[in-house]
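This is what each chain is made of:
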Amino acid sequence: MLEPAAMEVPISSSVNNAVVPAPIVHNPRARKLRSAVWQDFTKERRADAERLKLQDVLLKAPCRVSISVDMWRSRTQMDYLWLTCHFIQHVNDEWKLRRKTLNFVHLEEPFTADQITNLILEKLHDWGIERKIAAVTLDNCTDGEIVARELLRVLQPRRLLLNGDLFHVRSCTHILNLTVQESWEQASEISGRVRKMINYVKFERFQKFQDISKLLHMDQKPLAVDSPDNWPSTFLMFESACYYHDVLVRMAEQEGQYDAFLAATDWADVKALTEILDVIYNTIEKFPVEYPTANLYFNEMCEIHVLLRTWRNSPSPVVAKVAGQMLSKFEGYWDVTRPVMAFASILDPRYKMKSLEYFFRLIYADEQFTAKTMIDAIQNTFHNLYNDYKHQSSDSWKSPSALCYSRNVAGSGGHAEDQPLHNDELIVVSK
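What counts and what doesn't
- All residue numbers refer to positions counted from 1 along the written sequence of the respective chain.
- Note on the predicted model: pLDDT of at least 70 is required for a residue's local features to be given, and 80 or more for side-chain atom pairs to be given and counted; whole-chain, interface and lining totals, by contrast, use all residues.
- Hydrogens and waters are ignored; side-chain quantities use all the structure's heavy atoms.
- Think of it in three bands: residues with accessible area under 20% of the maximum for their type are buried, residues over 50% are exposed, and the middle band is partly exposed, with areas taken using a 1.4 Å probe on protein chains only.
- Put simply, DSSP marks the helices as runs of H or I at least four residues long and the strands as runs of E at least two long, and each gets a number from the N terminus on.
- To obtain the arc, one takes the directions from the helix axis to the C-beta atoms.
- Note on contacts: a residue pair qualifies if any of its non-hydrogen atoms lie within 4.5 Å across the two residues.
- At least two DSSP bridges between two strands are required for those strands to pair.
- Classification of ring pairs rests on two measures: the distance between centres of Phe, Tyr or Trp rings, Trp counted by its six-membered ring, which must be within 6.5 Å, and the angle between planes, read as stacked under 30 degrees, edge-to-face over 60 and tilted in between.
- We count a charge as sitting over a ring when the NZ of a lysine or the CZ of an arginine lies within 6 Å of the ring centre and within 35 degrees of the ring normal.

## What about helix H6 (residues 206–215)?
In step 1: Three or more residues of H6 are buried, namely Phe209, Ile212 and Ser213. In a view along the axis of H6, the buried residues occupy a sector of 105°, so they form one face of it. For H6, the exposed residues lying more than 90 degrees away from the buried face are Gln207, Lys214 and Leu215.
In step 2: Among the structural elements, helix H5 (188–204) and helix H8 (245–254) are those in contact with the buried residues of H6.
In step 3: Where H6 ends, the next residue or the one after it, His217, has phi of about 55°, a positive value.

Written as structure tokens, this is what we have:
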């Protein structure tokens, strides 16, 4: 497999290294040139020092590490690969979750999934952490599924947690985004009618719209028009249409000759679909970035699961079709991530197994045997994960430590030298 043409961007740092002052030069042009060269030299020295310092921390960390891979495109249409490492560091008798950029690499098009995989493996080898990986997140990576499979093959499942069963994980936000994006086509017709109505009112009858709004004493809020490929903007458009429902209905009564306005049955569908999008949109807003709380994610995702199973039985064909498609997509993505998110909930002393048992029996109310089977499966996986760390720690680490779980999307347990983590959430249980 060929390597991509890549140019690495050095990671700047603020390491305070002693630097010998540049020699004094009396020629102004020579002084300017040497000053620029000297600045580049000292900047490179500091970047190297920071890299060595971080590498030392990673190699000495008594835990596994997780990585996230993102693809980013600049305004000038240049593609970059951003490799980030997530790990737990013990500092001043406290466990600290760390997130560090390892590499920011420019990629020359065209590039393939194999080339991306090779580049990731090369960087992991350079840092010396290829055997300490707990999990990888590829939510924003081109051909993420293919890259994950190839990484798993090369890193070898026997070296990973539970033979790699917890290796590739998705963030909860990504799961919900995919659930809506891959299902909203079922509502394309009603979305088009709402968009047509908003455009007509906003660009051809806006003065009349404002007059009726004032007459009905409506607070002025933006009348949003969506971008068809961006579902949050579609939600905001639906929300604004529902807010101005009375105004738009009044306009439809006065301008019955125009077919731009919605019928009564259309309004019922719009309100039901807005409710679905509202729940998902606001759930994503709850997911923190700086101060993650993985133990609460499981409950939030299970609540959406319950609602989707309810909405698919809607009397409205459109709503039932959209909810049914969302449920199918959601279960496909969530089934992989759910066990590790359940672990975080189990480790919360307020919940333990109660939250898991409550939601599964609610989700599978008519299938109690399925509910019990899934509860037992997660419990067994949790025990297997603990035993995996127990076995590893008995071989490599003899002193007491802590069992750590960390994740934004999903997590894994860690003990001693092989303590794992994943993206941004952390629970620590002392042994």
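## A closer look at the environment of Ile375
In step 1: If you trace the backbone, Ile375 turns up in helix H13 (residues 368–396).
In step 2: Sequence separation between Ile375 and Met353 is 22 residues; the distance between their C-alpha atoms is 8.9 Å.
In step 3: Other than its neighbours up to four places away in sequence, Ile375 contacts Met353, Leu356, Glu357, Phe360 and Arg361.

## So, the pairing of strand S3 (residues 79–91)
Regular strands place side chains that alternate from one sheet face to the opposite one.
In step 1: Where strand S2 (residues 65–73) lies against S3, 8 bridges are found, and the strand directions are antiparallel. Looking at the pairing, Ser68 lines up with Thr84 of S3.
In step 2: A loop of 5 residues connects S2 with S3, the two strands running antiparallel in sequence, and Gln77 in this loop sits at a positive phi of about 65°.
In step 3: In terms of strand pairing, S3 meets strand S4 (residues 94–107) through 13 bridges, oriented antiparallel. When the bridges of S4 are listed, Phe87 appears paired with Arg98.
In step 4: The turn linking S3 back onto S4 is made up of 2 residues, and Asn92 within it adopts a positive phi angle of 50°.

## What about helix H4 (residues 172–181)?
In step 1: Among the 10 residues that make up H4, 7 are buried, leaving the element largely enclosed by the rest of the structure.
In step 2: When we look at burial in H4, the residues that qualify are Cys172, His174, Ile175, Leu176, Leu178, Thr179 and Val180.
In step 3: Looking at the buried side of H4, the elements it contacts are strand S5 (133–140), helix H7 (231–243), helix H9 (264–286), helix H10 (294–311) and helix H11 (317–346).

## So, the packing of aromatic side chains
What characterises a pair of aromatic rings is the spacing of the ring centres plus the angle enclosed by the ring planes.
In step 1: Applying the stated criterion across every chain yields a total of 18 aromatic pairs.
In step 2: Arranged with centres 4.4 Å apart and planes meeting at 20°, the rings of Phe287 and Tyr297 form a pair that is stacked. Within this pair, whereas Phe287 is found in the loop between H9 and H10, its partner Tyr297 is found in helix H10, the two being separated by 10 residues in sequence. Residues Phe287 and Tyr297 agree in their burial class; the two are buried.
In step 3: In this structure an aromatic cluster arises from ring pairing among Phe298, Phe330, Trp334, Phe360 and Tyr364.
In step 4: Positioned over the ring face of Trp127 is Arg51, at 4.2 Å from the centre of the ring.

None of the figures reported here should be taken as evidence of function without further support.
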